[in-house]
Amino acid sequence: MPAITVDNILVLPRLPRPDGTARQRPVRGISTAHRQREGAGFEVRRPFPSTELRQADPFILLDQMGPVAYEPYEAKGAPWHPHRGFETVTYMLDGTMVHHDSNGGGGVISEGDTQWMTAGSGILHDELPAEELVISGGVFHGIQLWVNLPRAQKMAPPRYQDLRASELTLVSSHDGGALVRVIAGEIGGFAGPGATHTPIAYAHASLSPGGRLETPWPQEFSAMAYVLSGSGTAGAEGRPLTEGQLAVFGHGDALTLTADADQHTPSGDLEVLLLGGAPIREPVVQYGPFVMNSRSEIIEAIEDFEAGRMGHIPAEHVTGRRLGE
């Protein structure tokens, strides 16, 4: 898991430890991610939506892709497909993802990088493992988060933010026992580089064995912690939490995570995603890759896609070669 890190965590600025007047967020529930196939047939772990957690406003979906060690020519991706009405946030931990879109854009999401795609009014794109990974095989591990857009911004023009690993804001817990990479929003006064339509906080924390992360959390935001690998406890009450499980916190302005003393993970740490945001509190109607506020808007999205109003696959990706070649 070669996410961005530092040789000496003690040189980093430190998150403030919540004082005695802070209200610790209790753990409201813990759910376990289910497994399913996506795209061309790759497996994901999905903690939400699920039968246990149907809504996570302002988020729509969270998928953990891998970690998986692919044999040569075994890696799969998500061929051309449309999106409308929300944002996809792809965070790579191992391997490399390549994408193309119907506007002629494209890019590479390398280890530790984050790509923020605002689908808005609609776009077609594909997401594929890098050619070298497909040919040679290797480890692949990434996270995709879908962030809802409020009604007033669902038809915003599509845009990208490519956040390199080196741009993430790195801080440590108050005692130096945890490294926190802030991707977007603000945690404890430290802001990540991601610019969001919907106010959220999103971070990746690595807790050393026996380490404890106590941090302020925006009071008006929801709060969740998803374990990528390792084991520990959530909340001041110490609810057990392990790989593939999501803790949903209740109200308050601070949250606590603790790593077990023994961690049998590739990094040797408890690896956790922290996420939450300001609830949009609007109707959500989802049909596959379209997330809107009403059934009629879903029908309109399907019609626009079928009529080509979300764009067309560039000719070089249809034929396998560029025009004129």
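Above this note sits the structure.
Residues numbered from 1 in each chain as written. Predicted model: local features only at pLDDT ≥ 70, side-chain atom pairs only at ≥ 80, totals over all residues. Heavy atoms only, no water.

## Notes on the overall build of the chain
Reasoning step 1: Of the regular secondary structure elements, the chain holds three helices and 26 strands.
Reasoning step 2: In terms of C-alpha radius of gyration, the chain reaches 20 Å, essentially the compact-globule figure of 20 Å for 325 residues.
Reasoning step 3: Along the three orthogonal principal directions, the C-alpha set of the chain runs to about 65 × 45 × 35 Å.
Reasoning step 4: The buried share of the chain, reckoned over its 325 residues, is 52%.
Reasoning step 5: Here the analysis covers contacts within the chain between residues at least 6 apart in sequence; of these, 73% occur between residues at least 24 apart.
Reasoning step 6: For the chain, the accessible surface area stands at approximately 13800 Å², while carbon and sulfur atoms represent 51% of it.
Reasoning step 7: Across the chain, the centroid of the 24 positively charged side chains sits 6 Å from that of the 39 negatively charged ones. (Helix = DSSP H or I, 4+ residues; strand = E, 2+ residues; numbered from the N terminus. Rg over C-alpha atoms; globule rule 2.2 N^0.38 Å. Buried < 20%, exposed > 50% of the residue type's maximum accessible area, 1.4 Å probe, protein only. Contact = heavy atoms within 4.5 Å. Areas by Shrake-Rupley, 256 points an atom, 1.4 Å probe, with all protein chains shown as cover. Lys, Arg positive; Asp, Glu negative; His and termini not counted. Charge placed at Lys NZ, Arg CZ, Asp CG, Glu CD.)

## Details of the layout of surface pockets
By rolling a water-sized probe across the atoms, one finds the places where empty space is left.
Reasoning step 1: Of the pockets and cavities examined, the largest pocket occupies roughly 400 Å³.
Reasoning step 2: In this structure, the largest pocket is lined by 24 residues; those nearest its centre are Glu38, Gly39, Ala78, His81 and Glu127.
Reasoning step 3: Of all the secondary-structure elements, those providing two or more residues to the lining of the largest pocket are strand E3 (42-48), strand E4 (59-70), strand E5 (78-83), strand E10 (123-129) and strand E11 (138-148).
Reasoning step 4: Looking at the lining of the largest pocket residue by residue, the class counts come to 12 nonpolar, seven polar and five charged.
Reasoning step 5: Within this model, the second largest pocket holds a volume of roughly 340 Å³. (1 Å grid on protein atoms, 1.4 Å probe; cavity = no way out; pocket = protein on both sides within 12 Å on 5 of 7 lines; lining within 4 Å. Points joined across faces, edges and corners; volume = space filled by probe spheres on them. Nonpolar A, V, L, I, M, F, W, Y, C, P; charged D, E, K, R; others polar.)

## Focus: unusual backbone geometry
Reasoning step 1: In this model, phenylalanine 48 is joined to proline 49 through a cis peptide bond whose omega is 0 degrees.
Reasoning step 2: Here proline 49 lies in the loop between E3 and E4.
Reasoning step 3: Of note, the phi angle at tyrosine 73 is positive, near 65 degrees, even though the residue is not glycine.
Reasoning step 4: Along the chain, the position of tyrosine 73 falls in the loop between E4 and E5.
Reasoning step 5: The class for tyrosine 73 is exposed, based on a relative accessible area of 63%.

## Some remarks on the side chain of glutamine 64
Reasoning step 1: Along the chain, glutamine 64 turns up in strand E4.
Reasoning step 2: By relative accessible area, which is 1% here, glutamine 64 ends up buried.
Reasoning step 3: Reaching out from glutamine 64, the side chain makes a polar contact with the side chain of tyrosine 226 at a distance of 2.6 Å. (Polar contact = N/O pair within 3.5 Å; in protein donor to acceptor, adjacent residues only side chain to side chain.)

## Examining the environment of serine 206
Reasoning step 1: Structurally, serine 206 is set in strand E17 (residues 200-207).
Reasoning step 2: Spatially, the C-alpha atoms of serine 206 and valine 272 are 6.5 Å apart, while their sequence positions differ by 66 residues.
Reasoning step 3: Apart from residues lying up to four places away in sequence, serine 206 is in contact with Gly177, Ala178, Leu179, Arg181, Asp269, Leu270 and Glu271.
Reasoning step 4: Within the local environment of serine 206, its side chain forms a polar contact with the side chain of arginine 181, the two groups lying 3.0 Å apart.

## Description of the pattern of salt bridges
Reasoning step 1: In total, this model carries nine salt bridges according to the counting rule given.
Reasoning step 2: Among the salt bridges present, the one from arginine 17 reaches glutamate 214, with a minimum N-O distance of 3.1 Å. Highlighted residues: arginine 17 in the segment before strand E1 (27-32) and glutamate 214 in strand E18 (residues 212-216), separated in sequence by 197 residues.
Reasoning step 3: Members of the salt-bridge network, linked through shared partners, are Arg17, Arg212 and Glu214. (Salt bridge = Lys/Arg side-chain N within 4 Å of Asp/Glu carboxyl O.)

## A short note on the sheet that holds strand E20 (residues 231-234)
Reasoning step 1: On the basis of which strands lie adjacent, the open sheet formed by four strands has the order E18-E23-E20-E21 and antiparallel pairing. Each edge of the sheet is formed by a strand with only one pairing partner; in this case those strands are E18 and strand E21 (239-242). Sheet twist, expressed as the mean angle between neighbouring strand axes with direction ignored, is 25 degrees. (Pairing = 2+ DSSP bridges. Axes fitted to C-alpha atoms, helices over the stretch in contact; angles between N-to-C directions.)

## Overview of the sheet that holds E5
Reasoning step 1: Spatial ordering of the open sheet is given by E5-E10-E7-E8, a layout of four strands whose pairing is antiparallel. Of all strands in the sheet, those with a lone pairing partner are E5 and strand E8 (106-109), marking the two edges. Recorded for the sheet is a direction-independent mean angle of 20 degrees between the axes of neighbouring strands.
Reasoning step 2: Sheet topology places E5 next to E10; four bridges connect them, and they run antiparallel. Across the sheet, the residue bridging to proline 82 is leucine 124, located in E10.

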